[in-house]
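Structural overview
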Amino acid sequence: MDAPETPTDGLNIVVCIKQVPDSAQIRVHPVTNTIMRQGVPTIINPYDLFALEEAMRLRDQYGGQVTVLCMGPPMAEDALRRALGLGADKAVLITDRRFAGSDTLATSFALATALTRLGADHPVDIVFTGKQTIDGDTAQVGPGIASRLELNQLTYVSAIDTLDQGKGEIVVRRRAEGGVQVLKSKLPCLITMLEGSNEIRRGSVADMLRAARAELTVWSAEEAGVEDVMMCGLRGSPTVVKRVFAPSARDEQAEMVTVEGKQPAQIGDAIIDLIFAAQPKLEADLSAALN
Amino acid sequence: MAAQPPNKKPAGRAGMKKELPEKFRSYKHVWVFVELERGKVHPVSWELMGEGRKLADKLGVDLAGVVLGPKSDETRQAIKETYHYGADVCYICEDPALADYRNEPYTRALTDLVNTHQPEIMLLGATTLGRDLAGSVATTLKTGLTADSTELDVDDEKSLAATRPTFGGTLLCTIHTLNFRPQMATVRPRVMAMPEPDRSRSGRMVWHSLKMDEADIVTKVLEYVADATTDDANLAYADIVVAGGMGLRVPENFRLVTRLADVLGGEYGCSRPVVQKGWLPADRQIGQTGNTIRPRLYIAAGISGAIQHRVGVEGADLIVAINTDPAAKIFEFAHMGVVADALTVLPALADAFERRLGRRAMAS
Ligand SMILES: Cc1cc2nc3c(=O)[nH]c(=O)nc-3n(C[C@H](O)[C@H](O)[C@H](O)COP(=O)(O)OP(=O)(O)OC[C@H]3O[C@@H](n4cnc5c(N)ncnc54)[C@H](O)[C@@H]3O)c2cc1C
């Protein structure tokens, strides 16, 4: 399938999104302890919505186009259509059995490869991702893409202060430990957006109608530009899950406070007696600190 | 009781375990990245140093700290302390370009150091800085990285076993990087215990130069705005923490949680759905994706005890759970439990503490 058309002027922005199970609805099989994904509704990774909104704001202000890119199973098309319904212009799904089992390194490889193809005619100016996903939770794919494509890496961004298209300069606020860095950098760059940095728009009716009918670009590994499939999926992943297990209960069972026939005040006293019996020093320290 | 762990077959490369490729056989020693930002070392670095020491001793190798920063008294102080917290060696790169954290020069310095000195294991804090850096370095080196590990060990084959929660709220998984080096992992602050420093310790220094000019670095720091720290939640380091979960049902009931925390001179927190509902700000979240706490006393009310919550509180000396469901997971790792309505027990407990400690809370 051909790459979607790229804008001849304005910004060429790509937002990487992931389809994730709605964590509020996850159930675990009581016997096998495995996650039951069947029937669990999927959503766009919530952190990615802040990235998508920020991308669309830049497009609305400076012109250009926002493409959403997703790696996932064929059903991840849903997530892309939802993004189109919110106002994204183009959508690309890269889907291939050989992507299955990708860790962060293999994921950044596949996405970076597709981004290279998307930038073939008109280079990509900004790649956005969410801060992290709610399922993997690693925050490593964004930096991985930036390293592979040698994009200036701007993570945990809470606001874009200025963008000078002529000079290709961008000023952002980046959350650091204990403060905020105001950074000046250059395009092309990769930005991971912090949660709460904006509010996702509600898609217009026109966008929703367009999303329902839109033809998505769907690429296999080869179509996305992958030359060596050994770099993808399980085989391209240096990390290996050796064991999946349920945490064991603490060796000693919790000491239970009986409540039958007790007034709340007595329950309170019973709990405190147990706490101070277990932690004798705590009582003295608390009294000293508070009086 | 927890169900028996499913006896899963190792997936993927584990099934194709082969000898470590020749080029990685010389990789040796355990490294900890010492996160020095604006003159201060993040405590997570010392926590990792304690853990790194254990791994190095098991492997019979050296523990090294990597200190990157500008030439300054603070950098020199950080180097000294790196030995105090257990390092045998320090790899040091001092350069004005490393004064503020920026991805580009830090990635360059750390990857160059790894390529030159070849550690087998490298640990970083899972802070904003550590995650930004670890992702770039692991990708540049094309090696494996386990993010947010909650437990580190070395197995019989001397390979790093990094354990972390998996999606879904009940399971843990152990991840290995078999055929690549270094084996990288990040760990969140407070997950590992703070070791006792030994002020008499010292060690070797290995210097490295950045080989990068300020003119080569694209990104510039225009300004740094420090957080107003006054009313920040200091949850991670609190001695006493009281938290509420979805069992409290409505936001107003969190007053019962804050009152008990006030009576005890402690901090209050919550489970993740409480933050997702917007009832409390994100900095009050406890668990894998929030704060990890290690208080002397943790009281959890109306919290079910999902694995992501559990890994954030297991360092507490004493966990007291209040939950109406006797089968709630939290009773599997709490030290004490009460099967009762938190809306009754929380105020009763606050009153009882006030009586016992002889003080009326100011904010009730
Ligand atoms: C990637 C990922 C990361 C996550 N990170 C975190 C994290 O950092 N921190 C976190 O907490 N969660 C995290 N979660 C969510 C976690 O899996 C659970 O969904 C969450 O901890 C459940 O919150 P809860 O215990 O408040 O709510 P629930 O699971 O709904 O439990 C409510 C509990 O209250 C009890 N209850 C009801 N009424 C009362 C009453 N009147 N008195 C007393 N008890 C009552 C119920 O019996 C129940 O046990 C994460 C999930 C994912 C997928």
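Predicted model, so just to flag it, every value in this text is computed and none were measured.

**Digging into the overall build of chain A**
Per the secondary structure count, chain A includes eight helices and 15 strands. What you see for chain A is a C-alpha radius of gyration of 24 Å, clearly larger than the 19 Å of a compact globule of 291 residues, by over 25%. Once the C-alpha set of chain A is aligned to its principal axes, its extents read approximately 75 × 45 × 40 Å. Relative to its 291 residues, chain A shows a buried fraction of 54%. A separation threshold of at least 6 residues defines the contact pool for chain A, and within that pool the share at least 24 residues apart is 71%. When the accessible area of chain A is evaluated, it comes to approximately 12,900 Å², of which 52% is carbon and sulfur surface. Separation between the mean location of the 29 positive side-chain charges and that of the 38 negative ones in chain A comes to 1 Å.

**So, the sheet that holds strand 10 (residues 169-176) of chain A**
Taken in spatial order, the ten strands line up as 13(A)-7(A)-6(A)-1(A)-8(A)-12(A)-9(A)-10(A)-11(A)-13(B) in an open sheet, and their pairing is mixed. Both outer strands of the open sheet, strand 13 (217-219) of chain A together with strand 13 (220-226) of chain B, are each paired with one neighbouring strand and no more. Adjacent strand axes in the sheet meet at a mean angle of 30 degrees when their direction is disregarded. Strand direction decides the pairing type here: strand 6 (residues 64-71) of chain A and strand 7 (residues 90-94) of chain A, joined by five bridges, are parallel. Of the residues in strand 7 of chain A, the one forming a bridge with Cys70(A) is Leu93(A). Sitting on the sheet, helix 2 (residues 77-86) of chain A touches strand 6 and strand 7 of chain A, and the angle it makes with strand 7 of chain A is about 165 degrees.

**A word on the domain arrangement of chain B**
Residue and element names in this part refer to chain B. Segmenting chain B into domains produces domain 1 (2-6 + 21-216) and domain 2 (235-356). The straight-line distance from the C-alpha centre of domain 1 to that of domain 2 is 32 Å. In this complex, domain 1 contributes 20 residues to the contact, which on the side of domain 2 involves 13 residues. In this assembly, domain 1 packs against domain 2 so that about 1,300 Å² is buried in total across both faces, 52% of it on carbon and sulfur atoms. The residue inventory of the side of domain 1 that touches domain 2, partitioned by class, reads ten nonpolar, five polar and five charged.

**Side note on the pattern of salt bridges**
For the structure on display, the rule yields 39 salt bridges over all chains. Across the salt bridge formed by Asp273(A) and Arg356(B), the nearest N and O atoms sit 3.0 Å from each other. Here Asp273(A) is found in helix 7 (residues 264-278), whereas its partner Arg356(B) is found in helix 8 (residues 342-357) on a different chain. Overall, the relative accessible area of 44% leaves Asp273(A) in the partly exposed class. A salt bridge links Asp148(B) to Arg131(B); the shortest N-O distance between them is 2.7 Å. Of this pair, Asp148(B) sits in strand 7 (residues 145-149) while Arg131(B) sits in helix 4 (residues 128-141), and the two are 17 residues apart along the sequence. Just as Asp148(B) is buried, Arg131(B) falls in that class too.

**A look at the interface of chain B and chain A**
With 96 residues of chain B at the contact, the number on the chain A side is 86 residues. Together, the buried faces of chain B and chain A total about 8,100 Å²; carbon and sulfur atoms form 59% of this surface. Run the count over chain B and chain A and you get seven salt bridges. Between Asp227(B) and Arg175(A) there is a salt bridge, and its shortest N-O distance comes to 3.0 Å. At the junction of chain B with chain A, the criterion picks out 29 residue pairs in polar contact (both at pLDDT 80 or more). With ten residues, helix 4 of chain B is the single largest residue contributor to the side of chain B that touches chain A. Of the residues assigned to the side of chain B that touches chain A, the class counts are 47 nonpolar, 27 polar and 22 charged. Relative to strand 13 of chain B, strand 11 (residues 179-186) of chain A runs antiparallel, the two being bridged by six bridges. Directly across from Gly179(A), in strand 13 of chain B, lies its bridge partner Ala226(B).

**What to know about the site of the ligand**
What surrounds the ligand is a group of 28 residues, the closest being Ile134(A), Ser271(B), Thr289(B), Ser304(B) and Asn323(B). One finds residues of chains A and B in close proximity to the ligand. Within the backbone of Gly302(B), an N or O atom sits 3.2 Å from an oxygen atom of the ligand. His309(B) is positioned such that a nitrogen or oxygen atom in its side chain is 2.9 Å from an oxygen atom of the ligand. Elements with a contribution of two residues or more to the shell around the ligand: helix 6 (272-276) and helix 7 (307-313) of chain B. Residues that form the shell around the ligand fall into these classes: ten nonpolar, 14 polar and four charged.

**Let's talk about the packing of aromatic side chains**
All names here are of chain B. Enumeration over the complete set of coordinates arrives at eight aromatic pairs over all chains. Between Trp 46 and Tyr 85, the ring centres sit 4.6 Å apart and the planes meet at 10 degrees, which makes this aromatic pair stacked. A residue pair is termed long-range when its members are at least 10 positions apart, and Trp 46 in helix 1 (residues 43-59) and Tyr 85 in the loop between helix 2 (73-84) and strand 5 (89-94) qualify at 39 residues. One aromatic cluster in this structure is built from Phe 24, Tyr 27 and Phe 180. It is Arg 284 that lies over the ring of Tyr 268; its NZ or CZ is 3.8 Å from the centre.

**As for unusual backbone geometry**
The residue after Leu187(A), namely Pro188(A), is reached through a cis peptide bond having omega -5 degrees. Assignment of secondary structure puts Pro188(A) in the loop between strand 11 and strand 12 (189-193). In this structure, the amide linkage connecting Arg181(B) to the following residue, Pro182(B), adopts the cis form with an omega of -5 degrees. With respect to the secondary-structure elements, Pro182(B) resides in the loop between strand 10 (172-177) and strand 11 (183-187). Of note, the phi angle at Gln118(B) is positive, near 55 degrees, even though the residue is not glycine. Structurally, Gln118(B) is set in the loop between helix 3 (103-117) and strand 6 (121-125). When its relative accessible area of 21% is taken as the criterion, Gln118(B) is described as partly exposed.

**Some points on the side chain of Thr292(B)**
All names here are of chain B. Locating Thr 292 in the fold gives a position in the loop between helix 6 and strand 16 (297-301). Judged by relative accessible area, Thr 292 falls into the buried class, the value being 6%. Ignoring any residue separated from it by four or fewer positions in sequence, one finds Thr 292 in contact with Arg 188, Pro 189, Arg 190, Val 191, Ala 236, Gly 287, Val 311 and Gly 312.

**Considering the confidence of the model for chain B**
Residue and element names in this part refer to chain B. Residues with a pLDDT of 70 or more make up 91% of chain B, whose mean pLDDT is 91. In the model, residues 1-15 has pLDDT below 50 throughout and makes 33 contacts with residues more than four positions away in sequence or in other chains. Between residues 360-364, whose pLDDT stays under 50, and residues either more than four places distant or in other chains, the model counts five contacts. For this predicted complex, the interface confidence score (ipTM) comes to 0.88, while the overall pTM stands at 0.85.

**Looking at the domain arrangement of chain A**
In terms of domains, chain A is made up of domain 1 (11-236) and domain 2 (254-291). A straight line from the C-alpha centre of domain 1 of chain A to that of domain 2 of chain A covers 50 Å.

**Comments concerning the nonpolar core**
Core analysis: the largest hydrophobic core is formed by 42 residues, its most contacted members being Ile271(A), Ile275(A), Leu260(B), Leu264(B), Ile299(B), Leu346(B) and Phe353(B). Leaving out residues up to four positions away in the same chain, Ile271(A) has contacts with Val257(A), Val320(B), Val338(B), Val345(B) and Leu349(B).

Reading the values: rules and limits
- Residues numbered from 1 in each chain as written.
- Chains lettered and ligands numbered in written order.
- Predicted model: local features only at pLDDT ≥ 70, side-chain atom pairs only at ≥ 80, totals over all residues.
- Heavy atoms only, no water.
- Helix = DSSP H or I, 4+ residues; strand = E, 2+ residues; numbered from the N terminus.
- Rg over C-alpha atoms; globule rule 2.2 N^0.38 Å.
- Buried < 20%, exposed > 50% of the residue type's maximum accessible area, 1.4 Å probe, protein only.
- Contact = heavy atoms within 4.5 Å.
- Areas by Shrake-Rupley, 256 points an atom, 1.4 Å probe, with all protein chains shown as cover.
- Lys, Arg positive; Asp, Glu negative; His and termini not counted.
- Charge placed at Lys NZ, Arg CZ, Asp CG, Glu CD.
- Pairing = 2+ DSSP bridges.
- Axes fitted to C-alpha atoms, helices over the stretch in contact; angles between N-to-C directions.
- Domains from an automatic or database assignment.
- Buried area = accessible area lost by both parts, 1.4 Å probe.
- Nonpolar A, V, L, I, M, F, W, Y, C, P; charged D, E, K, R; others polar.
- Salt bridge = Lys/Arg side-chain N within 4 Å of Asp/Glu carboxyl O.
- Polar contact = N/O pair within 3.5 Å; in protein donor to acceptor, adjacent residues only side chain to side chain.
- Near = heavy atom within 4 Å.
- Phe/Tyr/Trp six-rings, centres within 6.5 Å; stacked < 30°, edge-to-face > 60°.
- Lys NZ or Arg CZ within 6 Å of the ring centre and 35° of its normal.
- pLDDT = per-residue confidence, 0-100.
- Core = buried A, V, L, I, M, F, W, Y, C linked by side-chain atoms within 4.5 Å.

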